[in-house]
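Each chain is listed here by its residues.
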Amino acid sequence: MCFFYSSTIELFKEVVTTTKEELYKELSDAIVSCKKDQVLAAVEKARGELEAPDIIENGLAAGMNEVGTLFERGKLFLPHVMMAAEAMQAGVDELKDDMPESSNKAASVIVNGTVEGDVHDIGKAIVSTMLQTSGFEVYDIGRDAPVADFIAKIKETNANMVGISALMTTTLPGQKEVIEALEEEGLRDKVKVMVGGAPATNAWANKIGADCYAENATEAVNKAKELLL
Amino acid sequence: MANEYFVRMGDGERISMTKEQIIADLQEGSADAADLGDIPELSGDELDKLADIIMDSNRIVSVEPGMEIPVTHDIGSIRIDGDQGNSGVGIPASRLVGCMMHERGFGADTMELGHIDYSFKPVKPVIAQECQTMESCQQNMTVPLLYGAMPNLGLYYTPDGPFENPGDLMKAFKINEARESIEHAGDHATRDITWIMQHLQKVGCDGVNFDTIGAAGDGDVYASLYAMKALREEFPNIYIEAGMAGECTLGMHGELEFEGNVLAGLWPHEQVPLAEEAGANMFGPVCNTNTSKSSAWNLARSVTFTKAAVEASNIPCHVDMGMGVGGIPMFETPPIDAVTRASKAMVEIAGVDGI
Amino acid sequence: MPISHIMASGLTGMRAAGDLVARMQFSEDMRINEAKDYVSKKLGVEAIDLGDEYVMREIREELDIGVLTSVPGCAKGIASKMNIEKLLDIEINCCDKFREITG
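The rules behind these values
- Residues numbered from 1 in each chain as written.
- Chains lettered and ligands numbered in written order.
- Predicted model: local features only at pLDDT ≥ 70, side-chain atom pairs only at ≥ 80, totals over all residues.
- Heavy atoms only, no water.
- Contact = heavy atoms within 4.5 Å.
- Buried area = accessible area lost by both parts, 1.4 Å probe.
- Polar contact = N/O pair within 3.5 Å; in protein donor to acceptor, adjacent residues only side chain to side chain.
- Helix = DSSP H or I, 4+ residues; strand = E, 2+ residues; numbered from the N terminus.
- Nonpolar A, V, L, I, M, F, W, Y, C, P; charged D, E, K, R; others polar.
- Pairing = 2+ DSSP bridges.
- Core = buried A, V, L, I, M, F, W, Y, C linked by side-chain atoms within 4.5 Å.
- Buried < 20%, exposed > 50% of the residue type's maximum accessible area, 1.4 Å probe, protein only.
- Salt bridge = Lys/Arg side-chain N within 4 Å of Asp/Glu carboxyl O.
- Axes fitted to C-alpha atoms, helices over the stretch in contact; angles between N-to-C directions.
- pLDDT = per-residue confidence, 0-100.

**Quick notes on the interface of chain A and chain B**
Interfaces are often described in size by the accessible area the parts lose on coming together.
Part 1 of the argument: Contacts between chain A and chain B engage 29 residues on the former and 33 residues on the latter.
Part 2 of the argument: When the two sides are added together, the surface that chain A and chain B hide from each other amounts to roughly 2400 Å², 61% of it contributed by carbon and sulfur.
Part 3 of the argument: There are nine residue pairs in polar contact (both at pLDDT 80 or more) connecting chain A and chain B.
Part 4 of the argument: Listed by contribution, the elements that provide at least two residues to the side of chain A that touches chain B are helix H3 (52-72), helix H4 (78-94), helix H5 (122-133) and helix H8 (202-208) of chain A.
Part 5 of the argument: Broken down by element, the residue count for the side of chain A that touches chain B peaks at six residues, all from H4(A).
Part 6 of the argument: Of the residues assigned to the side of chain A that touches chain B, the class counts are 15 nonpolar, six polar and eight charged.

See below:
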């Protein structure tokens, strides 16, 4: 008896778990397909079975992580990343009313920008997108951004972190200028600083007093999570 | 310390590692390239040889006599007269002097003329000056002298150019508009590059070096390949060097093609056949340095990618080995020990035709 | 940095025969061994001599294809390249232009 009973329980558990895993996979695959209607259909299907935060974290966000990995492996391209991000946003919007009150707590806020004199935008835009889809509230102030714009946006949004990008050796010192301005404004203690871009390195980040350096978008997400969550 | 060796991090910092750690990093770096590019890892013998090169007790290492290769040069004479806070050393010298210093003073096998911005687009308004400087250089020099610049599609987008910035359009999820902008920019860049080189060829230029193709994504590659094709058709004897920007072609557009081949997501061994088809007669494979990894990891990864490209190629491959590429640390004055080790490894293991 | 590469791996340009090997790579799409083989046969030397300054100095003077130091009377610039054209059996663009101008 005992044997049958426990086996039945195990079997039941397995069926439930498989179903849940299948739903996660369906949600994730829908994001990887980069198609908004597929994502919305997967969200609709999962809704009755899973809690909204579960759908977002284990389904949609997991899919975005996969998109990030495929992008770095040259299997998906920037338009796909953006389409997937748009599809994810649509899915999250769909679930807004299902979210519990407790989940409305303020997300960590990140201001991202490329320093003044540097018009490189793409790498930083990818980082912004990946941070956003990982649950951060991201304000991308674009390229060629003066130090004052970084500070103003940090103050306006009460940001917890600033991401400073520079793609040229000639504009790299701009990262240091933002950090110095944070210190002058008395904001440095409450704002973490992440630096990135081709000429930036760990040693450079340490030298200018940044909190971290990120090599690519995936690393930026991981480091932001380490520092903020 | 007796069993440890000095190596470099990707940012140039000196660290020490045991032989076992070095070998582990070599294996990991090679495996990473093999995994990404779907290419073979370095063999055990090749990894052993790479380890020997890295652990050599001498500061400077070199290839065996008889294995020397030509070293081609990029960035024009900017490394002499450049004073923009980059890797130029700011010696006030004319470009003719800079080119001749490379030929006569440094022992360069080829040289190139370039202007201070080093992108093709800004050459248009100063084409007469570029032609006259090219003539002066050709009259005074013996080694092959090309004209070098970057396709740099970024200059065709706002705020520097006429087309809306695809980065901004993408952020607004206007994917089709972004793609159209890239296509327009690509076509314009092709036309500009071709026009510039038509003028330079008329005054005796040996050819063109497309430097950092793909820096602005697949649109950059598209513009460059079609410019190569047009130039090869018009000037059958022109020297065309196709130097890449990274190991993988960034898919900004994602669907651009050259002669039916999608350009996004190509690795060096997949890039070289397209350069050949476009009419290039020299290919410069690139692998970027990861500053958070050791030189052992970076060099093994870079050699693995380069070796696959060399094997896939029917034209000479001159691997790009400047600051932050080809296993060289990302540092403006890269340490000589790291540079010479990478140099030897590329020649003796990857089998490159030049650097 | 380029000097580090040249010292470690380079054919050292006009110090030896680097420019000639590079010319064949560009002119005829020759891979390294083919280009070295071609140039060494044209010069009547072994491939290993192409990177040997001692051997190549004398040959360059004899063939008047440009020498590194400022030897009075030696062919320089386009004159040296016109001799290289004949030696390697190739055409060089600036030499063609020079001929067009001078008739």
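**A few points about the pairing of strand S1 (residues 4-8) of chain B**
Residues and elements named next belong to chain B.
Part 1 of the argument: The pairing of S1 with strand S2 (residues 14-18) spans five bridges and is classified as antiparallel. Among the inter-strand pairings, glutamate 4 is bridged to a residue of S2, identified as threonine 18.
Part 2 of the argument: Between S1 and S2, which pair antiparallel in sequence order, lie five residues; one of them, glycine 12, sits at a positive phi of approximately 100°.

**A closer look at the nonpolar core**
Part 1 of the argument: Core analysis: the largest hydrophobic core is formed by 169 residues, its most contacted members being B:Tyr147 and B:Phe210.
Part 2 of the argument: Not counting residues within four places of it along the chain, the set of residues in contact with B:Phe210 comprises B:Phe120, B:Ala149, B:Pro151, B:Ile193, B:Ser224, B:Ala227, B:Met228, B:Leu231, B:Ile240, B:Glu241, B:Ala242 and B:Gly243.
Part 3 of the argument: The next biggest cluster of nonpolar side chains, apart from the first, holds 26 residues, and it includes A:Ala166, A:Val191, A:Ala200 and A:Ala210.

**Description of the interface of chain B and chain C**
Part 1 of the argument: Listed by partner, the interface residues are 60 residues for chain B and 45 residues for chain C.
Part 2 of the argument: Between chain B and chain C, roughly 4000 Å² of surface is buried when both sides are summed, and carbon and sulfur atoms account for 58% of that area.
Part 3 of the argument: Inspection of the chain B/chain C interface yields two salt bridges.
Part 4 of the argument: One can count 30 residue pairs in polar contact (both at pLDDT 80 or more) joining chain B with chain C.
Part 5 of the argument: Broken down by secondary-structure element, the contributors of at least two residues to the side of chain B that touches chain C are helix H4 (95-106), helix H5 (127-140), helix H7 (175-202), strand S6 (239-244) and helix H11 (336-350) of chain B.
Part 6 of the argument: Top contributing element to the side of chain B that touches chain C by residue count: H11(B), with six residues.

**Points about the sheet that holds strand S4 (residues 192-196) of chain A**
All names here are of chain A.
Part 1 of the argument: In space, the five strands of this open sheet follow the order S2-S1-S3-S4-S5, with parallel pairing throughout. With partners counted over all chains shown, the strands left at the sheet margins are strand S2 (137-140) and strand S5 (212-213), one partner each.
Part 2 of the argument: By the bridge criterion, five bridges tie strand S3 (residues 161-165) to S4 in an arrangement that is parallel. Within S4, the residue paired with serine 165 across the bridge is glycine 196.
Part 3 of the argument: In the packing of helix H6 (residues 147-157) onto the sheet, contacts are made with strand S1 (109-114), S2 and S3, and the angle to S1 comes to roughly 165°.
Part 4 of the argument: Across the sheet, helix H7 (residues 173-184) touches S3 and S4, and the angle it forms with S3 is around 155°.

**Structural notes on the confidence of the model for chain B**
Part 1 of the argument: Summarising the model, chain B shows a mean pLDDT of 95, and 99% of its residues fall at 70 or more.
Part 2 of the argument: In the predicted assembly, ipTM is 0.97 and pTM is 0.91.

**Some details on the environment of C:Ala35**
Residue and element names in this part refer to chain C.
Part 1 of the argument: Structurally, alanine 35 can be placed in helix H3 (residues 32-43).
Part 2 of the argument: The spatial distance from the C-alpha of alanine 35 to the C-alpha of methionine 24 is 5.6 Å, given a sequence separation of eleven residues.
Part 3 of the argument: When residues no more than four places from it in sequence are discounted, the contact partners of alanine 35 are Val21, Met24, Gln25 and Met30.

**Quick look at the side chain of B:Thr72**
Part 1 of the argument: Locating B:Thr72 in the fold gives a position in the loop between helix H2 (44-55) and helix H3 (78-81).
Part 2 of the argument: Polar side-chain contacts of B:Thr72 include one of 3.1 Å to the side chain of B:His318.
Part 3 of the argument: Setting aside anything within four residues of it in sequence, one finds B:Thr72 in contact with B:Thr110, B:Glu241, B:Met282, B:His318, B:Ile355 and C:Phe26.

**Notes on the pattern of salt bridges**
Part 1 of the argument: The tally for this structure, following the rule as stated, stands at 42 salt bridges over all chains.
Part 2 of the argument: Note that A:Lys25 and A:Asp29 form a salt bridge whose closest N and O atoms lie 2.7 Å from each other. With A:Lys25 and A:Asp29 both in helix H1 (residues 2-33) and four residues apart, this pair spans about one turn of that helix.
Part 3 of the argument: Its relative accessible area of 51% is what places A:Lys25 among the exposed residues.
Part 4 of the argument: Close ionic contact of B:Arg301 with B:Glu247 constitutes a salt bridge, the shortest N to O distance being 2.9 Å. On the criterion of sequence distance, the pair formed by B:Arg301 in helix H10 (residues 295-312) and B:Glu247 in the loop between S6 and strand S7 (257-258) is long-range, its members being 54 residues apart. In terms of burial, B:Arg301 and B:Glu247 fall into one category: buried.

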